[in-house]
Amino acid sequence: MFSNYELSLAFIGGGNMASALGAGLIGKRCGAGDVHVIDIDEATRERWSAQGVGTAAAPGPELAGQKVWIFAVKPQVMKETVAACRPYLKPDTLIISIAAGIDSATLARWLGTPDQPWTRLVRCMPNTPSLVKAGISGLLALDGVSDTDRNVAQQLLKAVGEVVWVDNDDQLDAVTALSGSGPAYVFLFLEALIAGGEKLGLSAEQSRMLALATLNGATQLAGLSPESPATLRERVTSKGGTTAAALSVFEQQGFTPMVHDAMQAAYNRASELAREFSK
C-alpha cells in the first residue's frame, strides 16, 4: 500500500479523530509498535497503551524517529504544541495537520521560520463520520510534498473514508463549509424529520427508523445512480402529488438559498479563524 515507504506515525493529540485513524491503520497499514501518541490526558494515553502503542505526555526525543507526524490538537493550543515539537523535526518528516482553522502558511511558518517555512506539509479537513470509517477529507499539499508523500497522506486518510485534493486554503475553507460542517446540517434535518413524524402521529422510534433509513437510502441511491440529484428528485415528484406539495413549501421558504447562506457563514468563519490564529 505504501510501496517501500517505512511507515512510522506520531499522533500529536490522541483524541477522537486520532483514535479513528489509529483504528483504521493499526494492524492494517502499520503495527502498534510503529505508532507513538503524545497527549496530556492520562486516560487517553492508557487507551492507546492498551493497544500496544507507545505514549508520552509531552514531545521528546522518540518523536524524531517517527516519519509522519499527525497534528490532531485543538487549534487554540496548536502554536505552542508545534513549538514543543519543533526541536525533533527532521528533513524527511512529513507533517499532516487535521487542526481546524489554521491555514497552511501559518502552519508552515510555525514549523519553520518566516524566511524558511516548512513546506513538507499536508493540511487536512476530515469530518466526524470518519469515526465510523464513512468520512471524507479535503487535503491540501504544499510545495515540499512529494508524490510519495501525497500517496502516504492519501492512504492514511482513506483508512477512515474518501479523500478530495484541493489547491489552496480558500478551497479547504469551502470543504469545511460543505463536508466539515455538513454532518451537523444533516443531523439538524434528521432531527426535523423525526420531530415532524412524531407531530404527525408516529412514535419516536418509528420516526427515527423511518428518517434514518430514508436519509441513508437516498444518499446511497444518489451515490450509485448515474443520474443527477435533480433528476432523482424529479422522479420522486408527481405533479400535484404529496412530494410536490412538500417541495413547494421548501421552495416558498427559500430552502436552497438558506443552505447556501449557511455554508457561506461557515466559510466566512473559517477564514476569520485562520486570521485570528495566524496572529
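You'll find the structure just up there.
What counts, and at which threshold
- Residues numbered from 1 in each chain as written.
- Predicted model: local features only at pLDDT ≥ 70, side-chain atom pairs only at ≥ 80, totals over all residues.
- Heavy atoms only, no water.
- Helix = DSSP H or I, 4+ residues; strand = E, 2+ residues; numbered from the N terminus.
- Buried < 20%, exposed > 50% of the residue type's maximum accessible area, 1.4 Å probe, protein only.
- Contact = heavy atoms within 4.5 Å.
- Areas by Shrake-Rupley, 256 points an atom, 1.4 Å probe, with all protein chains shown as cover.
- Lys, Arg positive; Asp, Glu negative; His and termini not counted.
- Charge placed at Lys NZ, Arg CZ, Asp CG, Glu CD.
- Phe/Tyr/Trp six-rings, centres within 6.5 Å; stacked < 30°, edge-to-face > 60°.
- Patch = residues over 30% accessible without salt bridge, like charges linked within 9 Å, V, L, I, M, F, W, Y side chains within 5 Å.
- Salt bridge = Lys/Arg side-chain N within 4 Å of Asp/Glu carboxyl O.
- Axes fitted to C-alpha atoms, helices over the stretch in contact; angles between N-to-C directions.
- Parallel < 35°, antiparallel > 145°, perpendicular 65-115°, else oblique.
- Left-handed = near helix turned anticlockwise from the far one by under 90°.
- Nonpolar A, V, L, I, M, F, W, Y, C, P; charged D, E, K, R; others polar.
- Pairing = 2+ DSSP bridges.
- Right-handed = clockwise from strand over helix to strand, strands pointing away.

Caption draft 1: Molecular detail of the overall build of the chain. Counting its regular elements, the chain contains 11 helices and eight strands. For the C-alpha atoms alone, the extent of the chain along its principal axes is close to 70 × 40 × 35 Å. Taking all 279 residues of the chain together, the buried fraction comes to 40%. In the chain, 65% of the contacts between residues at least 6 apart in sequence involve partners at least 24 apart. When the accessible area of the chain is evaluated, it comes to approximately 15,200 Å², of which 56% is carbon and sulfur surface. Taking the 23 positively charged and 28 negatively charged side chains of the chain as two groups, their mean positions are separated by 1 Å.

Caption draft 2: Highlighting the packing of aromatic side chains. For the structure shown, the criterion picks out three aromatic pairs. Residues Trp-69 and Phe-71 carry aromatic rings whose centres are separated by 6.4 Å and whose planes lie at 70° to one another, so their mutual orientation is edge-to-face. An identical accessibility class is assigned to Trp-69 and Phe-71; each is buried.

Caption draft 3: Broad picture of a nonpolar patch on the surface. On the surface, a nonpolar cluster with roughly 420 Å² of combined accessible area is contributed by Phe-189, Leu-193, Phe-250, Phe-255 and Met-258. Elements with a contribution of two residues or more to the nonpolar patch: α7 (182-199) and α11 (255-277). Within the secondary structure, Met-258 sits in helix α11.

Caption draft 4: Spatial organisation of the packing of helix α6 (residues 169-180) against α11. At a minimum axis separation of 8 Å, α6 and α11 run at an interaxial angle of 130°. Considering their axes alone, α6 and α11 lie oblique with respect to each other. When the axes of α6 and α11 are compared, the crossing they make is right-handed. Mapping the contact onto sequence places Asp-170, Asp-173, Ala-174, Thr-176, Ala-177 and Leu-178 in α6 and Met-263, Ala-266, Tyr-267, Ala-270 and Ser-271 in α11. For the contact of α6 with α11, the class distribution of residues is seven nonpolar, two polar and two charged.

Caption draft 5: Structural context of the pattern of salt bridges. The full count for this structure, using the stated rule, is five salt bridges. Arg-120 serves as the salt-bridge partner of Asp-149, at 2.8 Å between the closest nitrogen and oxygen. Of this pair, Asp-149 sits in helix α5 (residues 147-158) while Arg-120 is found in the loop between α4 (104-111) and β6 (121-125), placing the two residues 29 residues apart along the sequence. The partner of Glu-276 in a salt bridge is Arg-269, and the shortest N-O contact between them spans 3.1 Å. By relative accessible area, which is 40% here, Glu-276 ends up partly exposed. One connected set of salt bridges, linked through shared partners, spans Arg-269, Glu-272 and Glu-276.

Caption draft 6: Geometry of the environment of Asp-173. By secondary structure assignment, the location of Asp-173 is in helix α6. Among the residues examined, Asp-173 registers a relative accessible area of 5% and is labelled buried. Note: C-alpha distance between Asp-173 and Ser-271 (98 residues apart in sequence) is 6.9 Å. With residues near it in sequence (within four places) discarded, Asp-173 still touches Arg-123, Tyr-267, Ala-270 and Ser-271.

Caption draft 7: Just the pairing of strand β8 (residues 161-166), in detail. Bridge analysis of strand β7 (residues 135-141) against β8 gives six bridges, and the strand direction is parallel. Bridged to Leu-140 within β8 is Val-166. Each parallel crossover has a hand, and for β7 linked through α5 to β8 it is right-handed.

Caption draft 8: Local environment of the packing of helix α3 (residues 78-85) against α4. Close contact between α3 and α4 brings their axes to 9 Å; oriented N to C, the two are set at 35°. Note on packing geometry: the crossing formed by α3 with α4 is right-handed. Side by side, α3 and α4 meet where Met-78, Lys-79 and Val-82 of the first sit next to Leu-107, Trp-110 and Leu-111 of the second. Here the residues of the contact of α3 with α4 are counted per class, giving five nonpolar, no polar and one charged.

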